Amino acid sequence: MLRILVALKKTIFLRLWATTCQSSICYTATRKRVTDSLLEEKMASAEIRRLRAFETLVSADVGRDLNLLAAIDTVLEEIDVGKMRFDGLNHTAEQIEYFLFKRATAIADADELVRLYDSARDVIARVYASVKARHESAESDPRLTDEDGISEGFAELLEAVRELHNHLNRISWLIGENAADHDEAAPGEFQNADDFFAAIGV
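Computed from a predicted structure; not experimentally measured.

Q: So what's going on with the side chain of Ser172? Which residues, and what values?
A: Within the fold, Ser172 resides in helix H4 (residues 150-181). Judged by its relative accessible area of 7%, Ser172 is buried. The contact partners of Ser172, leaving out residues within four places of it in the chain, are Val114, Tyr117 and Asp118.

Below, the structure is given as structure tokens:
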């Protein structure tokens, strides 16, 4: 009888383990398909911009400045590189958010991490302002056309930068929430505010 119970327990454990592994594999495979699909979509958008710009270069009339066309191609390449960089950072930030959301234990040096992420968020805010200024400049430049792809490219880059800014803000908030959840209550009763602040180390 004991052998039967042990065998039954082992069978149930193995089935649960197989189900867990299968769910994990399905989740990983599904996430990979979604990520690949988004990457293909982003690459297609960049390729379309470059194709339009190349067509404009080929079919440009003689009166259009060739130096301007070369500058357009350079800016498009810069935008595409920046977009790929921020897309990668956003992907990593999403993973960090998920990790923090699921974390049940206290995070070491939480206050320092909050300061670091707040600082990084402020840097990205300045990057956003810079890209926005360039976008507005491109839109008001009479030498540029919609077919050049500059305005569209800057709009997509702005969205990627804005997304990263929001990710950093959420990460900072999640770290702060983790620290608050694991703060130990100050012991004892206090006669005045000075005693309370002394107890919590302020």
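Q: I'd like a description of the nonpolar core, backed by residues and values.
A: Generally speaking, a soluble globular protein has its nonpolar side chains buried in company with each other. Ile72, Phe86, Ile150, Phe154, Leu157 and Ile175 are the most contacted members of the largest nonpolar core, which totals 28 residues. Counting residues per element, the ones that place at least two in this core are helix H2 (66-102), helix H3 (110-140) and H4. Take this core: its biggest share by element is 12 residues, from H4. The residues contacting Leu157, other than those within four sequence positions of it, are Ile79, Gly82, Lys83, Phe86 and Val131.

Q: Could you give me a rundown of the packing of aromatic side chains, with the residues and numbers involved?
A: For the structure on display, the rule yields zero aromatic pairs. One Lys or Arg, Arg85, reaches over the ring of Phe86 and ends 5.8 Å from the middle of that ring.

Q: I'd like to hear about the side chain of Arg121, residue by residue, with values.
A: Within the secondary structure, Arg121 sits in helix H3. Non-local contacts of Arg121, meaning those with residues more than four positions away in its chain, are made with His165, Leu168 and Asn169.

Q: Give me the lowdown on the environment of Asn90, citing residues and values where you can.
A: Mapped onto the secondary structure, Asn90 falls in helix H2. C-alpha separation for the pair Asn90 and Arg162, spaced 72 residues apart in sequence, amounts to 10.0 Å. Once you skip the residues sitting within four places of it in the chain, Asn90 turns out to touch Ala160, Glu163, Leu164 and His167. Side-chain polar atoms of Asn90 contact the backbone oxygen of Ala160, separated by 3.1 Å.

Q: Tell me what's going on with the pattern of salt bridges, and back it up with residues and numbers.
A: Within the structure shown, the criterion is met by eight salt bridges. Arg115 is the salt-bridge partner of Glu112, the closest N and O atoms lying 2.9 Å from each other. A residue pair is termed a helical-turn pair when its members lie 3 or 4 positions apart in one helix, as Glu112 and Arg115 do in helix H3 at three residues. The closest approach of N and O atoms between Arg162 and Glu159, which form a salt bridge, is 2.4 Å.

Q: Tell me what's going on with the environment of Leu168, and back it up with residues and numbers.
A: Its place among the elements puts Leu168 in helix H4. Considering only alpha carbons, one finds Leu168 and Leu116, 52 residues apart in sequence, at a separation of 9.9 Å. Not counting the four nearest positions on each side in its chain, Leu168 is found in contact with Tyr117, Ala120, Arg121 and Ile124.

Q: Give me the lowdown on the environment of Ile124, citing residues and values where you can.
A: For Ile124, the position within the fold is in helix H3. Its relative accessible area of 11% is what places Ile124 among the buried residues. Spatially, the C-alpha atom of Ile124 lies 7.0 Å from that of Val161, the residues being 37 residues apart in sequence. Beyond its immediate stretch of four places on either side in the chain, Ile124 contacts Phe86, Val161, Leu164, His165 and Leu168.

Conventions we followed
- Residues numbered from 1 in each chain as written.
- Predicted model: local features only at pLDDT ≥ 70, side-chain atom pairs only at ≥ 80, totals over all residues.
- Heavy atoms only, no water.
- Helix = DSSP H or I, 4+ residues; strand = E, 2+ residues; numbered from the N terminus.
- Buried < 20%, exposed > 50% of the residue type's maximum accessible area, 1.4 Å probe, protein only.
- Contact = heavy atoms within 4.5 Å.
- Core = buried A, V, L, I, M, F, W, Y, C linked by side-chain atoms within 4.5 Å.
- Phe/Tyr/Trp six-rings, centres within 6.5 Å; stacked < 30°, edge-to-face > 60°.
- Lys NZ or Arg CZ within 6 Å of the ring centre and 35° of its normal.
- Polar contact = N/O pair within 3.5 Å; in protein donor to acceptor, adjacent residues only side chain to side chain.
- Salt bridge = Lys/Arg side-chain N within 4 Å of Asp/Glu carboxyl O.

Any functional reading would require information that these geometric values do not contain.
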